[in-house]
Amino acid sequence: MLKVGVLGAGHLGKIHLRLLQQSEKYELVGFYDPNQENAEKVAKEFGYTKFDTIAKLIHAVDVVDIVTPTLSHYKCAKVAIKSGKHVFLEKPISNTVEEAEEIIALAKEFNVKGQVGHVERFNPAFKATKEMIENPMFIETHRLAEFNPRGTDVPVVLDLMIHDIDAILSVVKSKVKNINASGVSVISDTPDIANARIEFENGCVANLTSSRISLKNMRKSRFFQKDAYISVDFLEKKCEVVKMKDAPEIPGDFDMILQNAEGVKKQIYFDNPDVEGNNAILDELETFADAINNNTTPIVTLEDGTEALRVAYQIIDCFKK
């Protein structure tokens, strides 16, 4: 079992602490939170060991789980990596692309592993369909959330849209060619609703919409490719796969047949995979333990996290223009 410590005991930090304590792959050593009042409350309520300094916690563990505000990710990661510890960083990887690139360089220099907490990669509906998504040419995503003041210190792109950016980059095997985007600040100082169109070199186009001022929550992505349509509902953890194949000579009574203007007939059929229930946060933390123990590449690498951040900032730059 790997000894792990958590930096940050806020809303998400407490979830990480609970899951790491349950995990059979980690031994939870304790946590550090700069807010003394909160730290004492968490230690008293849940019985976790509270450390007085970051240095003491880092010294006592093999893995540092960084669940602090984004502004401090770089500073925390730098200290942990230079101490030879593996790092799990909540998304976004850091506040700037430059910081992210330095984290990558440090991890290589000190020969440690790093993973970024892009949790939607572990969403059971996405996991069930990921292998079926082959060369998509049009992608549409909607990530809408009811207003929550907790995330308004950053633009909606870094708060919500970055989940979809990472998922898209993981399935489109091509470089980004062009980005157009617009964003509107309604309640916050930064955009609360945004739309981006990402064009890839291979011709794929992704249209992303994110809002944190919606009346209902929605997290849906649709992938269109040759002879298939794949829909993933990240919120409901459901998926739908609609495929097409050449129609049989003699269709059955219940076969769905389409005929185009040239007379070509195609049969439509459903190929929905089984969605296996899981805890996505526990999954991402435990696969990181596997990557460390087996010396394999983490599922969401530091490079992946950096690329998602780079695209997010390109979208934010479009707002300024």
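Just so we're clear, the structure is a prediction, and the values are computed from it rather than from any experiment. (Residues numbered from 1 in each chain as written. Predicted model: local features only at pLDDT ≥ 70, side-chain atom pairs only at ≥ 80, totals over all residues. Heavy atoms only, no water.)

Chemist: Mind showing me how you'd approach the overall build of the protein here?
Modeler: Of regular secondary structure, the protein possesses nine helices and 14 strands. Computed over the C-alpha atoms, the radius of gyration of the protein is 22 Å, within 12% of the 20 Å expected from 2.2 N^0.38 for a compact globule of 321 residues. Along the first, second and third principal axes, the C-alpha set of the protein runs to 75 × 45 × 40 Å. Per-residue burial for the protein yields a buried fraction of 50% across its 321 residues. Summarising the internal contacts of the protein: among those between residues at least 6 apart in sequence, 68% fall at separations of at least 24. When the accessible surface of the protein is totalled, it reaches about 16,000 Å², and 49% of it is carbon and sulfur. Computed over 39 positive and 48 negative side-chain charges, the inter-centroid distance for the protein is 2 Å. (Helix = DSSP H or I, 4+ residues; strand = E, 2+ residues; numbered from the N terminus. Rg over C-alpha atoms; globule rule 2.2 N^0.38 Å. Buried < 20%, exposed > 50% of the residue type's maximum accessible area, 1.4 Å probe, protein only. Contact = heavy atoms within 4.5 Å. Areas by Shrake-Rupley, 256 points an atom, 1.4 Å probe, with all protein chains shown as cover. Lys, Arg positive; Asp, Glu negative; His and termini not counted. Charge placed at Lys NZ, Arg CZ, Asp CG, Glu CD.)

Chemist: Honestly, the UniProt feature "domain: Gfo/Idh/MocA-like oxidoreductase N-terminal" (unreviewed entry) in the protein in this entry has me stumped. Any pointers?
Modeler: Following the UniProt record, one finds the feature "domain: Gfo/Idh/MocA-like oxidoreductase N-terminal" (unreviewed entry) at residues 2-118. Between the end C-alpha atoms of residues 2-118 the distance is 21 Å, and the span holds 44% helix and 22% strand. (UniProt positions renumbered as here; feature names shortened; annotations may be inferred.)

Chemist: Looking at this structure, how should I read the packing of helix α1 (residues 11-22) against helix α8 (residues 280-294)?
Modeler: For any two helices packed against each other, the geometry is given by the interaxial angle and the distance between the axes. Two numbers describe how α1 lies on α8: the axes approach to 10 Å, and their chain directions differ by 65°. The angle between the axes of α1 and α8 places the two elements in the roughly perpendicular class. For the pair α1 and α8, the sense of crossing is right-handed. Together, Leu12, Ile15, His16, Leu19 and Leu20 of α1 and Ile281, Leu282, Glu284 and Leu285 of α8 make up the contact between the two elements. Of the residues that constitute the contact of α1 with α8, the class distribution is seven nonpolar, one polar and one charged. (Axes fitted to C-alpha atoms, helices over the stretch in contact; angles between N-to-C directions. Parallel < 35°, antiparallel > 145°, perpendicular 65-115°, else oblique. Left-handed = near helix turned anticlockwise from the far one by under 90°. Nonpolar A, V, L, I, M, F, W, Y, C, P; charged D, E, K, R; others polar.)

Chemist: Even after reading the chapter, I still don't get the sheet that holds strand β7 (residues 176-184), so can you show me in this structure?
Modeler: Strands pair in a sheet through their backbones, by hydrogen bonds, and they do so in one of two ways: parallel or antiparallel. One open sheet accounts for nine strands, arranged β7-β8-β9-β6-β10-β11-β12-β14-β13; its pairing is mixed. Each end of this open sheet is capped by a strand with a single partner; those strands are β7 and β13 (256-259). Each strand axis lies, on average, 15° off the axis of its neighbour in the sheet, ignoring direction. As paired elements, β13 and strand β14 (residues 265-270) share four bridges and run antiparallel to each other. If you follow Met256 over to β14, its bridge partner there is Ile268. Along the sheet, helix α7 (residues 156-171) makes contact with β6 (138-144), β7, β8 (193-200), β9 (205-211) and β10 (218-225), crossing β9 at roughly 155°. Contacting β7 and β8, helix α9 (residues 302-320) runs over the sheet at an angle of about 55° to β7. (Pairing = 2+ DSSP bridges.)

Chemist: Looking at this structure, I do not really get a nonpolar patch on the surface. What am I missing?
Modeler: Together, Phe147, Val184, Val186, Ile187 and Ile193 give the surface a local cluster of nonpolar side chains, amounting to about 430 Å² of exposed area. Mapped onto the fold, Ile187 is located in the loop between β7 and β8. (Patch = residues over 30% accessible without salt bridge, like charges linked within 9 Å, V, L, I, M, F, W, Y side chains within 5 Å. Salt bridge = Lys/Arg side-chain N within 4 Å of Asp/Glu carboxyl O.)

Chemist: I'm lost on the environment of Ala55 in this one. Help?
Modeler: Note on placement: Ala55 falls in helix α3 (residues 54-59). Among the residues examined, Ala55 registers a relative accessible area of 53% and is labelled exposed. Considering only alpha carbons, one finds Ala55 and Gly30, 25 residues apart in sequence, at a separation of 13 Å.

Chemist: Looking at this structure, I do not really get unusual backbone geometry. What am I missing?
Modeler: Excluding glycine, residues mostly have negative phi values, and the peptide bonds linking residues are mostly trans. The omega torsion across Lys91 and Pro92 is -10°, close enough to zero to call that bond cis. Examined against the element boundaries, Pro92 turns out to sit in the loop between β4 (86-90) and α5 (97-109). Of note, Asn111 is a non-glycine position whose phi angle comes to about 55°, a positive value. Even without glycine at this site, Asn295 takes up a positive phi of about 55°.

Chemist: Got a minute to help me understand α7 in this structure?
Modeler: Along an α-helix, residues three or four positions apart point the same way, because every turn accommodates 3.6 residues. Its 16 residues give α7 an end-to-end C-alpha distance of 22 Å, which sits within 8% of 22 Å, the value for a rise of 1.5 Å per residue. The sharpest bend along α7 comes to roughly 50°, located at Ile162. Taken across its 16 residues, α7 has 14 buried, putting it largely inside the fold. (Expected span 1.5 Å × (residues − 1). Bend = angle between axes of the 7 residues up to and from the residue.)

Chemist: Hey, could you run me through α9 in this one?
Modeler: Across its 19 residues, α9 extends 27 Å between first and last C-alpha, which sits within 8% of the 27 Å expected from 1.5 Å per residue. The secondary structure elements touched by the buried residues of α9 are β4, α5, β5 (114-117), α7, β7 and β8.

Chemist: Can you walk me through the UniProt feature "domain: GFO/IDH/MocA-like oxidoreductase" (unreviewed entry) in the protein in this structure?
Modeler: UniProt's feature table lists "domain: GFO/IDH/MocA-like oxidoreductase" (unreviewed entry) at residues 156-216, given in the numbering used throughout. Overall, residues 156-216 shows 26% helix and 39% strand. The separation of its end C-alpha atoms is 16 Å.

Chemist: Help me understand the packing of aromatic side chains, please; the structure alone is not making it clear to me.
Modeler: For the structure on display, the rule yields five aromatic pairs. Ring geometry for Phe46 against Tyr48: centres 5.6 Å apart, planes inclined by 20°, an arrangement best described as stacked. Grouping aromatic residues by their ring pairs yields a cluster made of Phe138, Phe224 and Tyr229. (Phe/Tyr/Trp six-rings, centres within 6.5 Å; stacked < 30°, edge-to-face > 60°.)

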